[in-house]
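Spelled out from the first residue to the last, the chains are:
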Amino acid sequence: AQSVTQLDSQVPVFEEAPVELRCNYSSSVSVYLFWYVQYPNQGLQLLLKYLSGSTLVKGINGFEAEFNKSQTSFHLRKPSVHISDTAEYFCAVKARGGSYIPTFGRGTSLIVHP
Amino acid sequence: GAGVSQSPRYKVAKRGQDVALRCDPISGHVSLFWYQQALGQGPEFLTYFQNEAQLDKSGLPSDRFFAERPEGSVSTLKIQRTQQEDSAVYLCASSLAPQGNTEAFFGQGTRLTVV
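The residue numbers shown here count from 1 along each chain, following its written sequence. Each chain is given a letter, starting from A, and each ligand a number, starting from 1, according to the order in which they appear as written. Thresholds applied to this predicted model are a pLDDT of at least 70 for local features of residues and 80 or more for the giving and counting of side-chain atom pairs; totals over whole chains, interfaces and linings are not thresholded and use all residues. With hydrogens and water excluded, all non-hydrogen atoms of the structure serve as input to the side-chain values.

A.B. asks: Quick one: what's the story with the overall build of chain B, residue by residue and with numbers?
C.D. replies: Going along the chain from the N terminus, every DSSP run of H or I of four or more residues is numbered as a helix, and every run of E of two or more is numbered as a strand. Broken down by element type, chain B carries zero helices and eleven strands. Beginning at the N terminus, the succession of helices and strands in chain B can be written as β-β-β-β-β-β-β-β-β-β-β. C-alpha atoms define the radius of gyration, and 2.2 Å times the number of residues to the power 0.38 defines the globule rule. For 115 residues, the compact-globule estimate of 2.2 N^0.38 gives 13 Å, and chain B sits close to it at 13 Å. Dimensions of chain B, computed from the C-alpha atoms along their principal axes, are close to 40 × 25 × 25 Å. For each residue, the accessible area found with a 1.4 Å probe, counting protein chains only, is set against the maximum for its type, and the residue is called buried under 20%, exposed over 50%, and partly exposed in between. Counting all 115 residues of chain B, 49% fall into the buried class. Any pair of residues with heavy atoms lying within 4.5 Å of one another is described as a contacting pair. In chain B, once contacts between residues fewer than 6 apart in sequence are set aside, the share between residues at least 24 apart is 53%. Accessibility throughout is a Shrake-Rupley quantity obtained with a 1.4 Å probe, and a residue counts as covered only by protein chains that appear here. A total accessible area of about 5500 Å² is found for chain B, and carbon and sulfur atoms account for 48% of it. With 11 positive and 11 negative side-chain charges, chain B shows a spacing of 9 Å between the two charge centroids. By the counting rule applied here, Lys and Arg register as positive and Asp and Glu as negative, while His and the ends of each chain are not counted. Note that the charge is assigned to NZ on lysines, CZ on arginines, CG on aspartates and CD on glutamates.

A.B. asks: Please provide a residue-by-residue account of the pairing of strand 2 (residues 10-14) of chain A, values included.
C.D. replies: Residue and element names in this part refer to chain A. The side-chain alternation of strand 2 yields one buried face, formed by V11 and V13, and one unburied face, formed by Q10, P12 and F14. Strand pairing is defined by DSSP finding a minimum of two bridges between the two strands. One ladder, built from five bridges, connects strand 2 with strand 12 (residues 108-113); its direction is parallel. Residue pairing across strands places V13 opposite V112, the latter belonging to strand 12.

A.B. asks: Go over the pattern of salt bridges with me, naming the residues and quoting the values.
C.D. replies: For this analysis, a salt bridge means a side-chain nitrogen from Lys or Arg found within 4 Å of a carboxyl oxygen belonging to Asp or Glu. Evaluation of the coordinates by the stated rule reveals eight salt bridges over all chains. The salt bridge partner of D85 of chain A is K78 of chain A, with a shortest N-O separation of 2.8 Å. Residues D85 of chain A and K78 of chain A agree in their burial class; the two are buried. A salt bridge links D24 of chain B to R22 of chain B, with the shortest nitrogen-to-oxygen separation between them at 2.8 Å.

A.B. asks: Tell me what's going on with the state of the cysteines, and back it up with residues and numbers.
C.D. replies: All names here are of chain A. Count a disulfide wherever a pair of cysteine sulfur atoms falls within 2.5 Å. In total, this model carries two disulfides over all chains according to the counting rule given. The disulfide partner of C23 is C91, and the S-S distance across this bridge is 2.0 Å. Disulfide C23 to C91: torsion about the S-S bond roughly -65 degrees, handedness left-handed. Residue C23 is found in the loop between strand 3 (19-21) and strand 4 (24-26), and its partner C91 is found in strand 10 (residues 87-95); the two are separated by 68 residues along the sequence.

A.B. asks: Describe the interface of chain A and chain B, listing the residues and the values that go with them.
C.D. replies: Taken together, the 20 residues of chain A in the interface contact 24 residues of chain B. We define buried area as the total accessible area lost by two parts upon association, computed with a 1.4 Å probe and summed across both. Between chain A and chain B, roughly 1800 Å² of surface is buried when both sides are summed, and carbon and sulfur atoms account for 53% of that area. On inspection of chain A and its partner chain B, the count reaches zero salt bridges. N or O atoms within 3.5 Å of each other form a polar contact, as long as, within protein, one can give a hydrogen and the other can take it, and as long as residues adjacent in sequence are counted only when both atoms are side-chain atoms. Between the two partners, chain A and chain B, sit seven residue pairs in polar contact (both at pLDDT 80 or more). For the side of chain A that touches chain B, the elements supplying multiple residues, two or more each, are strand 5 (31-38), strand 6 (44-50) and strand 10 of chain A. In terms of residue count, the dominant contributor to the side of chain A that touches chain B is strand 5 of chain A (four residues). Each residue is assigned to one of three groups, with Ala, Val, Leu, Ile, Met, Phe, Trp, Tyr, Cys and Pro labelled nonpolar, Asp, Glu, Lys and Arg labelled charged, and all others, Gly among them, labelled polar. Across the side of chain A that touches chain B, the residue classes tally to twelve nonpolar, five polar and three charged.

Below is the structure:
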C-alpha cells in the first residue's frame, strides 16, 4: 500500500514570493507521483506528474516539482505566486504495478496575500 | 462530453433517506473511481471500476454504500439510510486506461449534506 504525507496544512505567502509545498510518500514499490489543485467548489485539476526520466517536472501555471527517491519526496515549487494561486493542493501517488488507485494526501491550503 | 460530469452538484437529504449520485465519465475512459472528500480533508478512495467490473470496493465505509457501472460508462453511487457522517463531497474520476501512468480526470463533485 502507498501513503502520502503533506506536512503543512496551510501555507500563507505574499504575492510574488516563492513557495514550496511539501509532499512525502511511502511505498514498497516504485510509484508515479502527481500534484493536483482544487479551487473552491471545483474538482481536482492535474498540475503535473512524474512518470519517469528527469526528476524535475514542469507543470501548468508555472509550477514545478522535483522527485527525490532517496528522500521519498515530491515537493511542489513556484518561484513567484499570484493571488489566483490561492487554492488547495493535493499530492497523490500510484503504484507502478498492481493497484491503479491514486492515493491522496490531506492537502495543503495555499493562501496568497496581496 | 468534454469532461467528467457529476449530478446533482448539491444534495440535501434527511437522515434515513436514500440518495443516488451520478457520474458521467469522459467517453472511452476505461477506469472510473469514486472518492469521498470530507471538509478540509483529501479525497479518500471508495471504489474502482474497470469498464463494468467493480475491481475494488475496499474503501466503501459500510454496506449502506453501493456503486454500479452496468454498461461500462455511467456510474451511480447509492447511499442507503443516509447518516450525518455521510455528509461530504463525493468525487468521481475517470482515466483512459488502467495503467498507473495515466492521469485521472475529476468531476466537480456532488456535495451531500445530511440533515
